[in-house]
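Residue strings, one per chain:
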Amino acid sequence: SMAVGSNSVSLDPARDTLMNVSGLCQPVPSARFMGGREFEILMDGRSQDYTADDVSSILKTKAMLLPSVVTTSGPYQNISGRWVNVKETMGAGEYYAAVSFYLALMTSTCLDLVKADGIIVVEGPFAKNELYCLMLEAVTSRQVLPSIGTGTSLGAALLTIENQFHEKHVDGGLLGPSDGFEDYAEYWQSLLNKDE
């Protein structure tokens with residue numbers, strides 16, 4: 001997570017925050033979190049299909065994953081992840097929703113650590129993860145713009161093409177906005193506060 005144009009911020013190596021430099025030689029406060037790696041570990045080839053009922057079930061039961069899957073980096077280093085409020089069997093769609101929400105909440109934590117503000121641009125595979133984008137938008141109360149490109153290919157394209165992003169908020173399709181997202185995020189944070 002990077003806070004392009006952010007004001008100075010106190011960085012904490014224990015939370016895996018650091019300073020990068022932009023192409024314009026400007027300092028960019030950054031927070032590292034291996035979200036893609038954690039997603040691959042957690043999903044391990046599982047289905048990414050889900051229904052609105054799967055999402056409602058996860059929001060209602062507050063089944064969730066707490067940090068961290070990879071304990072050698074990220075904002076919660078040396079803390080082993082654990083699941084809470086999980087019923088005996090979790091459907092594939094419910095599992096995908098819970099994983100997506102966990103990753104969004106970790107991203108939000110990283111953005112907070114570097115005092116990022118303004119529009120959030122999501123690039124790479126997570127830009128296609130509607131549940132990730134919905135939770136990130138809900139928990140940050142900021143617009144999330146999924147990028148239509150990935151990685152360094154966009155860097156070159158941005159030099160000549162003005163608009164690389166979708167022109168609308170993430171709309172959630174059939175899910176629609178829900179207070180359940182904010183409640184879920186608050187509960188996740190409250191559990192982390194108890195563990196600290």
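This text follows the structure it describes.
Residue numbers here run from 1 along each chain, matching the order of that chain's written sequence. In keeping with the predicted nature of the model, local features appear solely for residues at pLDDT of at least 70, side-chain atom pairs appear and are counted solely at 80 or more, and the whole-chain, interface and lining totals rest on all residues. The basis for the side-chain values is all heavy atoms of the structure; hydrogens and waters are excluded.

Chemist: How would you explain the overall build of the chain if you had to name every residue and give the values?
Modeler: Within the chain, the regular secondary structure consists of 6 helices and 6 strands. Secondary structure elements of the chain, listed N to C terminal, follow the sequence β-β-α-α-β-β-α-β-α-β-α-α. Categorising residues by exposure relies on relative accessible area from a 1.4 Å probe, with only protein chains included: less than 20% of the type maximum marks a residue as buried, more than 50% marks it as exposed, and the intermediate range marks it as partly exposed. For the chain, with 196 residues in total, the buried portion stands at 44%. Contact definition: two residues touch when any of their heavy atoms are within 4.5 Å. Excluding contacts between residues fewer than 6 apart, the proportion of contacts in the chain whose partners are at least 24 apart in sequence is 70%. Accessible surface, the chain: about 10,700 Å² in total, of which carbon and sulfur atoms supply 52%. Numbering goes from the N terminus for both helices and strands, where a helix is a DSSP run of H or I of at least four residues and a strand is a run of E of at least two. Note on areas: these come from Shrake-Rupley sampling with a 1.4 Å probe, and a residue is covered only by the protein chains present in the view.

Chemist: Account for the packing of aromatic side chains, with residues named and values stated.
Modeler: Think of it this way: a Phe, Tyr or Trp ring, Trp meaning its six-membered ring, pairs with another when their centres are within 6.5 Å, and the plane angle makes it stacked under 30 degrees, edge-to-face over 60, tilted otherwise. By the definition in use, this model includes 8 aromatic pairs. Their ring planes at 75° and their centres at 6.0 Å tell us that Phe-39 and Phe-126 sit as a pair that is edge-to-face. Here the residue Phe-39 occupies a position in helix 1 (residues 35-43), and Phe-126 occupies one in the loop between strand 5 (120-122) and helix 4 (130-140), the gap between them amounting to 87 residues. Judged by its relative accessible area of 14%, Phe-126 falls in the buried class. Pairing Tyr-76 with Trp-188 gives two aromatic rings, centres 6.5 Å apart and planes at 80°, and the pair type is edge-to-face. Of the two residues, Tyr-76 sits in the loop between strand 3 (64-66) and strand 4 (82-84) while Trp-188 sits in helix 6 (residues 179-195), which places them 112 residues apart along the sequence. Like Tyr-76, the residue Trp-188 is buried in the burial classification. These aromatic residues form a ring-pair network of at least three members: Phe-39, Tyr-50, Tyr-96, Phe-126 and Tyr-132.

Chemist: Please set out the environment of Ala-185 residue by residue, giving values where relevant.
Modeler: With respect to the element layout, Ala-185 can be found in helix 6. Under the relative-accessibility criterion, Ala-185 is labelled buried at 7%. Sequence-wise, Ala-185 and Phe-101 are 84 residues apart; in three dimensions their C-alpha atoms are separated by 8.4 Å. Beyond its immediate sequence surroundings of up to four residues, Ala-185 is in contact with Leu-105, Met-135 and Val-139.

Chemist: Summarise the pattern of salt bridges; cite the residues concerned and give the values.
Modeler: A side-chain nitrogen of Lys or Arg and a carboxyl oxygen of Asp or Glu constitute a salt bridge if their distance falls within 4 Å. Throughout the structure, instances matching the rule amount to 1 salt bridge. In this structure, the salt-bridge partner of Glu-94 is Lys-87, at a minimum N-O distance of 3.0 Å. Residue classification places Glu-94 among the buried positions, given a relative accessible area of 7%.

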